[in-house]
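As a plain string of letters, each chain reads:
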Amino acid sequence: MDTKETMDMAGKYLTQNYGRQPIALVKGKRCYVWDADGKKYLDFVTGLAAGNMGHCHPAVVAAVKKQLGELWHTSNIYYTQPQAVYGKALVESLYKGRVFFCNSGTEANEAALKLARRHSIENFSKERVDIIAFEGSFHGRTLGSLSLTGQLKYQQGFGPIPGAVKHVPFGDLEAVAKAVTKKTCAVFIEPVQGEIGVKVANAKFIAGLAKLCADKKILLVFDEVQTGFGRTGKLFAYEHFKVKPDIITMAKGIANGFPMGAMFAKEEVAKSLVPGTHAATFGGGPIACSGALAMLAEVKKPEILENARDLGRYALIRLNGLRQKIKTIKEVRGLGLMIGVEMAHPCAQVVADCAKNGLLVNCANQNTVRLLPPLDITRQEMDRALSILGKALASS
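A quick note: this is a predicted structure, and the numbers were derived from the prediction, not measured.

**Q** Before we go on, may I ask you to explain the packing of helix α4 (residues 81-92) against helix α12 (residues 286-299) in this structure?
**A** In a pair of packed helices, the angle between the axes and the distance between the axes together describe the arrangement. Two elements in contact, α4 and α12, have axes separated by 8 Å at closest approach and are oriented at 35°. Regarding α4 and α12, the two cross each other, and that crossing is left-handed. Of α12, the residues touching α4 (which contributes P82, Q83, V85, Y86, A89 and L90) are P286, C289, S290, A292, L293 and L296. Counted by class, the contact of α4 with α12 contains ten nonpolar, two polar and no charged residues.

In structure tokens, the structure reads:
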């Protein structure tokens, strides 16, 4: 079935809630994908930062194949070895705490929202349930996560959004301090705001935010759904800021694209989740945990994280060089291999021109081209991608 047939079938039978590119992908290997017509692309989208180790990584494929022949699903009524083993490996990669498994980033943020409020009610009062989040943020599309998301375009048309969430300017510590009341229980923040155009938090701001939360006994929640598992050149982005959040949410790269999510919480916070308080039927299933364990072992390798840092810096230097020549480039931002090129105009044509020449990138908001290559990308592959992108930017 070719691309046109695939698009026609999807147009007839699927809900039309995605703005898709006119490309039907059928195969992937490392940083490359092929469409139904046989065209090859460099993939700098990687499933929106989910395939951090590229397509069909042999270690992840082997782990999943092995588990497929042993046990698929039991529900969390029972223990499974893959879940216990992966839980141990993940927590030992962080700091003392416990982990809850789910299926996606929005579910992880829902779990964090519930845990933050329950912990506050148990330890302070039933009125202490308010949340502070940030303008420009994106935390998911379920109603609870939408209440945290600081972009009206995602909330419009869905009726009343659950309340008790205040949004303040990203990076403004004074605004956070003013928003805190005796009812505030938690602050939710992305260390790098991805969907608004790859905006990196200031280290001084994060340090001040962590101190404010500690002083006020407010939980600090890091949404690392997009920044986790090596994307920024550290296993998790909190390491760049030298803080230890009370709660961390994660998904996307956790199992290299296999659907999975997780919420990690410090021991004293996690104990508020007791039987009956929260659950996920498929959360932490044997297949997902087997793939995630293999993924974690790969992404923790020092050479992988070093490559993400080095090539991220290299790409920023190259792109800032282009900014000096191409006046429609307003700003280049990034951390590790999470990079945004903000334009003075919508970037849809840049994305289309790149795809025409064999490079997949996407728009984060309307005017920022986002680059999310696999963490093991080579210098040669980065150069080729930047060459294609540079020509598309110059002609935009």
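**Q** Sorry, what's going on with empty space enclosed by the protein here?
**A** Empty space among the atoms becomes apparent when a probe as large as a water molecule is rolled across them. With the rule as written, the count across this model stands at one cavity of 30 Å³ or more. Estimated volume of the largest cavity: approximately 60 Å³. If you trace the largest cavity, you find it lined by H73, T74, S75, N76, Y78, T80, Q83, T281, G283, G284, G285 and P286.

**Q** What is the right way to read the layout of surface pockets from this model?
**A** Reported here for the second largest pocket is a volume of approximately 970 Å³. As for the second largest pocket, its lining consists of 31 residues, and the residues nearest its centre are N76, Q83, V99, F100 and F101. For the lining of the second largest pocket, the elements supplying multiple residues, two or more each, are α4, β4 (97-102) and β12 (261-266). Here the residues of the lining of the second largest pocket are counted per class, giving 17 nonpolar, eleven polar and three charged.

**Q** Even after reading the chapter, I still don't get the side chain of T227, so can you show me in this structure?
**A** Its place among the elements puts T227 in the loop between β10 (219-223) and α10 (238-241). Reaching out from T227, the side chain makes a polar contact with the side chain of E224 at a distance of 2.8 Å. Setting aside its immediate chain neighbours within four residues, T227 contacts P191, V192, T232, L235, A237 and M338.

**Q** What's the story with the environment of R370 in this structure? I'm lost.
**A** Relative to the elements of secondary structure, R370 occurs in strand β17 (residues 368-371). Linking R370 and V198, residues 172 residues apart in sequence, is a C-alpha distance of 7.4 Å. In terms of polar contacts, R370 uses its side chain to reach the side chain of Q226, at 3.0 Å.

Parameters and conventions
- Within any chain, residue numbers begin from 1 and follow the written order of that chain's sequence.
- Per-residue local features are limited, in this predicted model, to residues with pLDDT of at least 70; the limit for side-chain atom pairs, both in listing and counting, is 80 or more; totals at the level of whole chains, interfaces and linings are taken over all residues.
- The basis for every side-chain value is the complete set of heavy atoms in the structure, and neither hydrogens nor water enter the calculation.
- What counts as an axis is a line fitted to C-alpha atoms, over the stretch in contact for a helix, and the angles between N-to-C directions run from 0 to 180 degrees.
- Runs of E in the DSSP output that reach at least two residues are strands. Runs of H or I that reach at least four are helices, and both are numbered from the N terminus.
- By convention the crossing between two helices is left-handed if the near helix lies anticlockwise of the far one by an angle smaller than a right angle, and right-handed if it lies clockwise.
- Only heavy atoms matter for contacts: two residues are in contact if any of them lie within 4.5 Å across the pair.
- Residue polarity is assigned by list, with Asp, Glu, Lys and Arg as charged and Ala, Val, Leu, Ile, Met, Phe, Trp, Tyr, Cys and Pro as nonpolar; anything else, Gly included, falls into the polar class.
- With a 1 Å grid laid over protein atoms only, a set of points is called a cavity when a 1.4 Å probe fits there but cannot get out and a pocket when it is open yet has protein on both sides within 12 Å along at least five of seven lines; lining residues have an atom within 4 Å of a point.
- Grid points are joined across faces, edges and corners, and a volume is the space filled by probe spheres set on the points.
- Definition of a polar contact: a pair of N or O atoms within 3.5 Å, with one able to donate and the other able to accept a hydrogen when the atoms are protein atoms, and with sequence-neighbouring residues admitted only if both atoms are side-chain atoms.

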